[in-house]
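Inside the fold
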Amino acid sequence: MAEKSPNDESGLDDSISGEFPENADSTEKSQKLNESDTGTVPKKIRLHTPSPGPEPFMVQPSPPKFVTFDDLMAAASGVRNMSLAHEIAVDSNFKFENVQQTGSSLQKQVKEIIHKAFWDAFSEKLEENPPDFGHAVVLIKEVKESLMSVLLPQHKRLQSQMEEVLDLDLIQQKLENDAFDIYYYSDYVVGIMGKLCAPARDDRIAKLKETKEIVPLFKEIFEVLDLMRMDMANFTIQQIRPYIQQQSVEFEKKKFEEFIKKQQEAGIDGLELTKCWLARSLENLKSRPVAPEEEVSQPNMPTPAAILNGAYMELLQWDTSRIFPETLVLDQSRYLELREQTLRLTMVTSILLVTFNTVGQSIAGVQSLKVKLKEEICTLLEGGEEAGNIETALENISEQVSMNVEVFLKDHGFQPRSETQKTSLKGQIVALKEKDNQIYTIMSKRVIDFIQQTLFSKLTEPLKIPAGMSVMEKELSQICGQFLRLISHNKSVFGQYYASIIGTLIKPLQTDPASTDHVS
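The rules we used
Residues numbered from 1 in each chain as written. Predicted model: local features only at pLDDT ≥ 70, side-chain atom pairs only at ≥ 80, totals over all residues. Heavy atoms only, no water. Helix = DSSP H or I, 4+ residues; strand = E, 2+ residues; numbered from the N terminus. Buried < 20%, exposed > 50% of the residue type's maximum accessible area, 1.4 Å probe, protein only. Lys, Arg positive; Asp, Glu negative; His and termini not counted. Salt bridge = Lys/Arg side-chain N within 4 Å of Asp/Glu carboxyl O. Contact = heavy atoms within 4.5 Å. pLDDT = per-residue confidence, 0-100. Polar contact = N/O pair within 3.5 Å; in protein donor to acceptor, adjacent residues only side chain to side chain. Expected span 1.5 Å × (residues − 1). Core = buried A, V, L, I, M, F, W, Y, C linked by side-chain atoms within 4.5 Å. Axes fitted to C-alpha atoms, helices over the stretch in contact; angles between N-to-C directions. Parallel < 35°, antiparallel > 145°, perpendicular 65-115°, else oblique. Left-handed = near helix turned anticlockwise from the far one by under 90°. Nonpolar A, V, L, I, M, F, W, Y, C, P; charged D, E, K, R; others polar. Phe/Tyr/Trp six-rings, centres within 6.5 Å; stacked < 30°, edge-to-face > 60°.

1. Overview of the side chain of K370
- Residue placement: K370 occurs in helix 13 (residues 367–383).
- Despite being buried, K370 has no salt bridge partner; E473 is the closest side chain of opposite charge, sitting 11 Å away.
- Leaving out residues up to four positions away in the same chain, K370 has contacts with L352, F356 and V471.

The structure is reproduced here in structure tokens:
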């Protein structure tokens, strides 16, 4: 079957315009890296979560002012709209989904009671002699409205045809004169739905054509119409995404500015957490060791760009006891997912490094074994969430790795390892759970340094993957690509706020006001 859009009017006079192409990422660096989008934070094993620390910078709120409830609700609505536009702009896979309400949902229970009452009444009327089709007028009216909602502006002829066929006054007259044929209207509706729906709904349309009982037929019609409306919404998003991507920065700026204004009127500092986040980055930069060649006229004088970049890098090692800065909350789930991916990548490469260093020359350089171990380690880390802690997962991994190594050695004619050697390898793998484990610390630094180098340096040539991470090159590049995409958008929207906050933070440190560069 030929592919069609969610409301492809195949065989009708009106046509649907083609889909717009996806907007390419304008950032040159991100074009060199594979990207993947994540919208939710799945359950993960918490790997070496940093301990909470004191906030270095707190802002005292101004005296409270009165603001109306309507003003606050308007601001909240604006933020919700901003959130939706943001999701569409940054997530190329964003779409609406048909979410089933839970069985304990009060809303679902009330809806089911009302619907059951209506369908039971309709069934009773149909069983009368002669059948009473009065309820059918209500159904056809709702079906007509639903079909009209999925039409595009260019479907003028189809709209006129539907107005003529589904004329409610005419239908009422037919009912009064015993000339009403419900199957004529159901066949017409199903035929229109079949031409307008997405290919994914073809099976449901086929089921409708085979259904002859009136009540089940109309129940199914309404279910498919709900799906068609959702498909139409997603089709519309797909078409306008390039425009939203172009306009979302200015839109988000405007909506966030309105939100900040309402917060200020209520006596709340809407950027308090953002100020703490940036101040923490400044303190970290000031306390870092300085190489002799860096000791110039202004030692420990971080630039605004360095402060902001350092703050972004903290997100990959975020202490989950902290509340996210206000300017990052729209992408909180994505940043936390990237954090988990970074920790997981570090753990996988640490296990592989321990394994190959401990077993030694017999498996050195065997890429096939490394790939096999990587896949199994990733699977066990994912499944380990059911156990609830990293130690249990590492114990399972140590057993699996040891078994795979023994199989490899046997298959390639090497002597089996002694029990002492097996115990040593297992112990070193389980020891990776410790926060100060030397191997884990080394691999973590390599990962973070590479991401920082990739994101914040000018890429004139491809960067070399850190030692011990070649098997995770794809995963590492995906993290870098998605991270860059998120922070590029974030800078574009909130750069002016960051520049103002950082300017206030570093002003006491400056001896030359002209030394302040721009946050970019």
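2. Observations regarding the confidence of the model for the chain
- Overall, the predicted model of the chain reaches an average pLDDT of 76, with 71% of residues at or above 70.
- Mean pLDDT values for the elements of the chain range from 40 in helix 1 (residues 28–31) up to 92 in helix 11 (residues 304–314).
- Scored below 50 in pLDDT, residues 1–5 shows 13 contacts in the model against residues more than four places distant or in partner chains.
- Counting interchain partners and residues more than four positions distant, the pLDDT-below-50 stretch residues 513–517 has eight contacts.

3. Description of the side chain of E406
- Within the secondary structure, E406 sits in helix 14 (residues 390–411).
- With relative accessibility at 17%, the residue E406 sits in the buried group.
- A distance of 2.6 Å separates polar atoms of two side chains, one belonging to E406 and the other to R417.
- Those residues in contact with E406 that lie beyond four places of it in its chain are P416, R417 and K422.

4. A short note on helix 7 (residues 182–196)
- Here helix 7 is 15 residues long and its end C-alpha atoms lie 21 Å apart, about the 21 Å a rise of 1.5 Å per residue gives.
- Buried within helix 7 we find I182, Y185, S186, Y188, V189, V190, I192, M193, G194 and L196.
- Backbone nitrogen of Y183 and a side-chain oxygen of the N-cap are separated by 3.1 Å at the start of helix 7; the cap is D181.

5. Let's talk about the pattern of salt bridges
- Inspection of the entire model under this criterion finds 22 salt bridges.
- Among the ionic pairs, R339 bridges to E340, the shortest N-O distance being 2.4 Å. With respect to class, R339 is no different from E340; both count as buried.
- Between K372 and E376 there is a salt bridge, with its nearest N and O atoms 3.2 Å apart.

6. Regarding the nonpolar core
- Core analysis: the largest hydrophobic core is formed by 74 residues, its most contacted members being W277, I451 and F483.
- If you tally residues by element for this core, the top one is helix 17 (residues 473–506), at 15 residues.
- Among all residues touching F483, those that are not within four sequence positions of it are Y312, M313, L316, Y335, L338, I451 and L455.
- By size, the runner-up hydrophobic cluster in this structure holds 42 residues, among which are V165, M193, M228 and F235.

7. A look at the environment of S248
- Within the fold, S248 resides in helix 9 (residues 214–265).
- Of the residues examined, S248 reaches a relative accessible area of 2% and is grouped as buried.
- Here the alpha-carbon distance between S248 and V493, two residues 245 residues apart in the chain, equals 8.7 Å.

8. Digging into unusual backbone geometry
- Even without a glycine there, the phi angle at D178 is positive, about 55°.
- Secondary-structure assignment places D178 in the loop between helix 6 (168–176) and helix 7.

9. Side note on the packing of helix 7 against helix 8 (residues 202–210)
- Where helix 7 contacts helix 8, the axes come no closer than 10 Å and their chain directions differ by 165°. Considering the angle they form, helix 7 stands roughly antiparallel to helix 8. Where helix 7 crosses over helix 8, the two elements pack in a sense that is left-handed. Here helix 7 contributes V190, M193 and G194 to the contact with helix 8, which in turn contributes I205, L208 and K209.
- A class-by-class count of the residues in the contact of helix 7 with helix 8 yields four nonpolar, one polar and one charged.

10. Focus on the packing of aromatic side chains
- Inspection of the entire model under this criterion finds 14 aromatic pairs.
- Consider the rings of F256 and Y497, whose centres lie 5.4 Å apart with planes at 75°: the pair is edge-to-face. Here F256, found in helix 9, pairs with Y497, found in helix 17; they are 241 residues apart in sequence, far enough to count as distant.
- Aromatic side chains W277 and Y498 sit 5.8 Å apart centroid to centroid with 65° between the ring planes, which places their arrangement in the edge-to-face category. Taken as a pair, W277 in helix 10 (residues 272–287) and Y498 in helix 17 lie far apart in primary sequence, 221 residues in all.

11. Some words on the packing of helix 11 against helix 16 (residues 438–456)
- In contact at an axis separation of 11 Å, helix 11 and helix 16 are set at 135° when each is read in the N-to-C sense. Taken as axis vectors, helix 11 and helix 16 run oblique relative to one another. Considering the relative orientation of helix 11 and helix 16, their crossing is right-handed. In this structure, helix 11 uses N309, Y312 and M313 to contact helix 16, whose residues at the interface are I448, I451, Q452 and F456.
- Residue classes in the contact of helix 11 with helix 16 are distributed as five nonpolar, two polar and no charged.

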